[in-house]
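Breakdown of the fold
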Amino acid sequence: EAFDNLDREITIAFWQYGDNIKMPQNSHAFEGVNENGQRVVNSHLPWSNGQVYWDAGNSGGSYDRINKQAEDSDFKGQWNHWAFTKDVKTGVMKIYLNGEEWLSGESKSNGFDKIEIFKIASNALGNGRYDGSMDNFAVWDRVLSANEINTVKDLDFVTQENTVILNGLLFCYDMNNISNNKVLDVSGNGHDGE
């Protein structure tokens, strides 16, 4: 239900701390697939080759991708804030690292199928598990500006101190409110996870 209104724009942002010994490895920070099991959104953060991949959009099983080689300090042994955006209308996909634009790609116009399964820290089937920690995992149905992404890094989603940034927020898991195998959606939208 959280993705019902996802149409032409998306932002996914979160803090991550990759295991200092196990990373890099073939793993997924998140993946969302359509009813046919085809990838709609995904990030390898990183893959075993040390590259960070951002996949978004789907057209008959084919998705748009941007990727770049990362430094070890970008994904393991310390907390880093990552944000992934896509605007289907402009065809622009971006990756931000610690509030700064890290990579951009153009002519990426595959639209979004409805996401039926979305998993954090693995692929949609539960494989390729991510070894590390995540915090303040949030998804918007719009593209946040560079200034907004920089603000999101330090935002307390529970107090909802910045209502402009919260516009279009689909869900946010601060990873502090886990009860009976449920991670609570602190956005107020009621999209709790399991």
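Presented here is an overview of the structure given in this document. (Residues numbered from 1 in each chain as written. Predicted model: local features only at pLDDT ≥ 70, side-chain atom pairs only at ≥ 80, totals over all residues. Heavy atoms only, no water.)

In this structure, P24 follows M23 across a cis peptide bond, with omega equal to 5 degrees. Secondary-structure assignment places P24 in the loop between β1 (9–18) and β2 (30–33). Each neighbour pair has its own omega, and for L45 with P46 the value is -10 degrees, a cis peptide bond. Inspection of the secondary structure assignment puts P46 in the loop between β3 (39–44) and β4 (51–59). With phi around 70 degrees, A121 is a residue other than glycine that occupies positive phi space. Tracing the chain through its elements places A121 in the loop between β9 (117–120) and β10 (132–140). Under the relative-accessibility criterion, A121 is labelled partly exposed at 23%. The phi dihedral of N136 is positive, around 45 degrees, even though this residue is not glycine. (Helix = DSSP H or I, 4+ residues; strand = E, 2+ residues; numbered from the N terminus. Buried < 20%, exposed > 50% of the residue type's maximum accessible area, 1.4 Å probe, protein only.)

Glancing now at the environment of G60. Examined against the element boundaries, G60 turns out to sit in the loop between β4 and β5 (62–69). Each C-alpha atom of the pair G60 and D185 lies 32 Å from the other, and the pair is 125 residues apart in sequence.

Of all the 8 residues making up strand β6 (residues 80–87), 8 are buried; the element is thus mostly covered by neighbouring parts of the structure. Alternating residues of β6 divide into N80, W82, F84 and K86 and H81, A83, T85 and D87, and every residue in both groups is buried. Sheet analysis places β1 next to β6, joined by 8 bridges and oriented antiparallel. Within β6, the residue paired with I10 across the bridge is K86. Pairing of β6 with strand β7 (residues 92–97), which is carried by 6 bridges, proceeds in the antiparallel orientation. Across the sheet, W82 pairs through a bridge with L97, a residue of β7. Linking β6 back to β7 in an antiparallel pair, the connection comprises 4 residues, with G91 at a positive phi of about 75 degrees. (Pairing = 2+ DSSP bridges.)

Burial runs high along β4: 8 of the 9 residues are buried. Pairing of β3 with β4 involves 4 bridges; the strand directions are antiparallel. Within the sheet, the bridge partner assigned to H44 lies in β4 and is Y53. Taking the residues between adjacent antiparallel strands as the criterion, β3 and β4 are bridged by 6 residues, where G50 takes a positive phi near 80 degrees. Examined bridge by bridge, β4 and β5 share 7 bridges and lie antiparallel to one another. In the strand pairing of β5, V52 is matched with K68.

What follows concerns the packing of aromatic side chains. Counted according to the given criterion, the structure contains 16 aromatic pairs. Centre to centre, the rings of F14 and F137 are 4.9 Å apart; their planes meet at 15 degrees, and the pair counts as stacked. Remark: F137 occurs in strand β10 and F14 occurs in strand β1; sequence separation between them is 123 residues. Aromatic ring contacts, followed pair by pair, group F3, F14, F30, W54, W82, F84, W102, F118, F137, F171 and Y173 into a single cluster. The ring of F112 carries K86 above its face, with NZ or CZ at 5.7 Å from the centroid. (Phe/Tyr/Trp six-rings, centres within 6.5 Å; stacked < 30°, edge-to-face > 60°. Lys NZ or Arg CZ within 6 Å of the ring centre and 35° of its normal.)

Here we come to the layout of surface pockets. Empty space left among the atoms is revealed by rolling a probe the size of a water molecule over them. A volume near 660 Å³ is recorded for the largest pocket. In terms of lining, the largest pocket is formed by 29 residues, of which the most central are F118, I120, Y173, G193 and E194. (1 Å grid on protein atoms, 1.4 Å probe; cavity = no way out; pocket = protein on both sides within 12 Å on 5 of 7 lines; lining within 4 Å. Points joined across faces, edges and corners; volume = space filled by probe spheres on them.)

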